[in-house]
Amino acid sequence: MSILIAGSANLDFVVRAATIPAPGETVLGREFRTFPGGKGANQAVACARAGAASTRMLLALGDDAYAAPLEASLREAGVMLQIVRDASTATGTAFVCVSDSGENAITVAPGANALLKPEHLPSLEGITHLLLQLETPLDTVTAYARAAKAAGVSVVLNAAPARALPEALLAALDVLIVNEAELAAVSASSGRVADALASLRVPCVVVTLGGRGACARADGEYLLQTAFAVEPVDTTGAGDTFCGALTAALGRGEPLRDALRFACAAAALACTRLGAQASIPARSEVDNLLRTAQDNQPQQLRALAAHCGLPT
Ligand code: RIB
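By convention here, each chain's residues receive numbers from 1 onward along its written sequence. Given that the model is predicted, a residue must reach a pLDDT of at least 70 before its local features are reported, and side-chain atom pairs must reach 80 or more before they are shown or counted; all residues, however, enter totals for whole chains, interfaces and linings. Based on all heavy atoms of the structure, the side-chain values leave hydrogens and waters out of the count.

*Asks:* Help me get a handle on the pairing of strand β13 (residues 221-226), residues and values and all.
*Replies:* Along a regular strand, successive side chains alternate from one face of the sheet to the other. Paired strands are those between which DSSP finds at least two bridges. Here a helix means four or more residues in a row that DSSP labels H or I, a strand means two or more in a row labelled E, and each is numbered from the N terminus. Taken together, the six bridges between strand β12 (residues 213-218) and β13 define a ladder with antiparallel strand orientation. Paired with Ala-216 across the two strands is Leu-223, which belongs to β13.

Put into structure tokens, the structure is as follows:
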């Protein structure tokens, strides 16, 4: 049985600087490097490294020098690829500034990612979970989600980058993963996290809360998971690591509470190294952290509950 990720792949052009420039500002950065990235490809690598039995990815690439490192990184992680190739379109790219505090600002030039069409969806035979994001056209994402739902495949959407979602897409989802800004955009609510989660008619909604942890609402119940303490170097790809790791854990039948803990640990480790796919941990590393970590302490849980607007 396999997990299919359909989505974007970008070559990330990364520069480190003391701070991320404000609008109209120029900052002098330091070293420049390129890394394989793109939300879809990052999530596929995270899923494979998290130990998913078999991980497949549908992606679109140009026929240029940027495509090769993206393919190589995915294949090295063990992801099986179905590539839509278009020689007249550039491979997707992303321009990433990473600050000394590990935060980032990212601009994506979608290029070939915009070419993924509903008819490119491969056979869903043997697929248990389909993991999607929003760096490919919304109509295509909606068509894939609906086709998977009709085939009895569990549909997981990471609604990133943030935007409002059509009802047809929401209705096809089993799991929705968002950060706080994305939750506000999807729910059109700026109120308490718990209320925004409850307003969405998706069986399971998970919100990642950075250094606080994560909160999920499934079957009317809330689950809280505190963050794993790390010194952040670069948070690029941490959300993608969470999505891939969570889907891998759900794919092997773990209960949501355990899958949430596994995904938070994987995301924390991804913050400790530079680059998107380069920073995604292997399952053994995540399991080591899970064995030794001091997460979910009462005081941390109370602070997380208070942040979400849940009883402490
Ligand atoms: O989520 C991080 C990713 O966003 C980067 O790898 C970049 O390519 C953009 O897609």
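*Asks:* Lay out the side chain of Thr-93 in plain terms, naming residues and giving numbers.
*Replies:* Here Thr-93 is to be found in strand β6 (residues 92-99). For every residue, the accessible area obtained with a 1.4 Å probe (protein chains only) is divided by the maximum for its type, and the residue is called buried under 20%, exposed over 50%, and partly exposed between those limits. Under the relative-accessibility criterion, Thr-93 is labelled buried at 8%. Two residues qualify as a contact provided that any one of their heavy atoms is within 4.5 Å of a heavy atom in the partner residue. For Thr-93, the residues in contact, after removing those within four places along its chain, are Asn-10, Leu-11, Phe-13, Tyr-66, Thr-107, Val-108 and Ala-109.

*Asks:* Got a sec to walk through the packing of helix α8 (residues 256-270) against helix α9 (residues 283-292)? Specific residues and values, please.
*Replies:* Simply put, an axis is a line fit to the C-alpha atoms, just over the touching stretch for a helix, and the angle between two N-to-C directions goes from 0 to 180 degrees. Following both chains from N to C, one finds α8 and α9 inclined at 110°, their axes separated by 9 Å at the closest point. If you check the angle between α8 and α9, you find them roughly perpendicular. Along the contact surface, α8 presents Arg-261, Phe-262, Ala-265, Ala-266 and Leu-269, while α9 presents Arg-283, Glu-285, Val-286, Asp-287, Leu-289 and Leu-290. Throughout, the ten residues Ala, Val, Leu, Ile, Met, Phe, Trp, Tyr, Cys and Pro are labelled nonpolar, Asp, Glu, Lys and Arg are labelled charged, and all others, Gly among them, are labelled polar. For the contact of α8 with α9, the per-class residue count stands at seven nonpolar, no polar and four charged. Each angle receives one of four descriptions, namely roughly parallel if under 35 degrees, roughly antiparallel if over 145, roughly perpendicular if within 65 to 115, and oblique otherwise.

*Asks:* I'd like a description of the site of the ligand, backed by residues and values.
*Replies:* Within the structure, the ligand sits among 13 residues, and Asp-12, Gly-38, Lys-39, Glu-135 and Asp-240 are positioned closest to it. We define a polar contact as two N or O atoms separated by no more than 3.5 Å, with the added condition that, inside protein, one atom must be a possible hydrogen donor and the other a possible acceptor, whereas residues neighbouring each other in sequence contribute only through side-chain atom pairs. Between Asn-10 and the ligand, the recorded distance is 3.0 Å, taken from a side-chain N or O atom to an oxygen atom. Contact between the ligand and Asp-12: an oxygen atom at 2.6 Å from a side-chain N or O atom of the residue. A total of 280 Å² of accessible area belongs to the ligand in isolation, and the protein chains cover 96% of it. Grid points spaced at 1 Å and placed over the protein atoms alone form the basis of the search, with a cavity being a set where a 1.4 Å probe fits but cannot get out and a pocket an open set showing protein on both sides within 12 Å along at least five of seven lines. Lining residues have an atom within 4 Å of a point. Each molecule is assigned to a cavity or pocket provided more than half of its atoms lie within 2 Å of the corresponding grid points. Using a 2 Å cut-off from the grid points, one finds that the ligand occupies the largest pocket. Taken together, the elements giving at least two residues each to the shell around the ligand come down to β2 (10-17), α1 (39-49) and β7 (104-109). In the shell around the ligand, the residues fall into four nonpolar, five polar and four charged. Distances are taken per atom, and a residue is near a molecule or strand as soon as one of its heavy atoms is within 4 Å of it. With residues, only the protein chains shown are counted as cover, and all accessible areas are computed by Shrake-Rupley using a 1.4 Å probe.

*Asks:* Residues and numbers for the sheet that holds β6, please.
*Replies:* Strand pairs in the sheet, formed through backbone hydrogen bonds, run parallel or antiparallel to each other. Taken in spatial order, the four strands line up as β3-β2-β6-β7 in an open sheet, and their pairing is mixed. The sheet is open, and its two borders are formed by β3 (32-37) and β7, each paired with just one other strand. Put simply, the sheet's adjacent strands are angled 25° from each other on average, direction ignored. Bridge count between β6 and β7: six bridges; the pairing is antiparallel. Along β7, the bridge assignment pairs Val-98 with Asn-104. Relative to the sheet, helix α2 (residues 67-76) contacts β2 and β3, its axis offset from that of β3 by approximately 55°.

*Asks:* Provide a residue-level description of the layout of surface pockets, including the pertinent values.
*Replies:* Grid points are joined across faces, edges and corners, and a volume is the space filled by probe spheres set on the points. Counted as a void, the largest pocket has a volume near 990 Å³. In this structure, the largest pocket is lined by 43 residues; those nearest its centre are Asn-179, Thr-208, Thr-235, Ala-238 and Gly-239. Mapped by element, the contributors of at least two residues to the lining of the largest pocket are β2, α1, β7, β10 (175-179), α5 (180-187), α7 (238-251) and α8. With five residues, α7 is the largest single contributor of residues to the lining of the largest pocket.

*Asks:* Tell me about α9, and please be specific about residues and values.
*Replies:* Residues of α9 that are buried include every one of Val-286, Leu-289 and Leu-290, and no others. The buried residues of α9 occupy one face: seen down the axis, they fall within an arc of 100°. For α9, the exposed residues lying more than 90 degrees away from the buried face are Ser-284, Arg-291 and Thr-292. Among the structural elements, α8 are those in contact with the buried residues of α9. It is the directions from the helix axis to the C-beta atoms whose arc is reported.

*Asks:* Kindly report on the packing of aromatic side chains, identifying the contributing residues and their values.
*Replies:* Here the distance between the centres and the angle between the planes together describe a pair of aromatic rings. Only centres within 6.5 Å qualify two rings of Phe, Tyr or Trp (six-membered ring in Trp) as a pair; their planes then separate them into stacked at under 30 degrees, edge-to-face at over 60, and tilted for everything else. Counted by the stated rule, this structure contains three aromatic pairs. Ring plane angle 25° and centroid distance 6.0 Å describe the contact between Phe-13 and Phe-32, whose orientation is recorded as stacked. Within this pair, whereas Phe-13 is found in strand β2, its partner Phe-32 is found in strand β3, the two being separated by 19 residues in sequence. Taking the centre distance of 5.4 Å and the plane angle of 75° together, the rings of Phe-13 and Tyr-66 count as edge-to-face. Separated by 53 residues along the polypeptide, Phe-13 in strand β2 and Tyr-66 in the loop between β4 (55-62) and α2 bring together distant segments of the chain.

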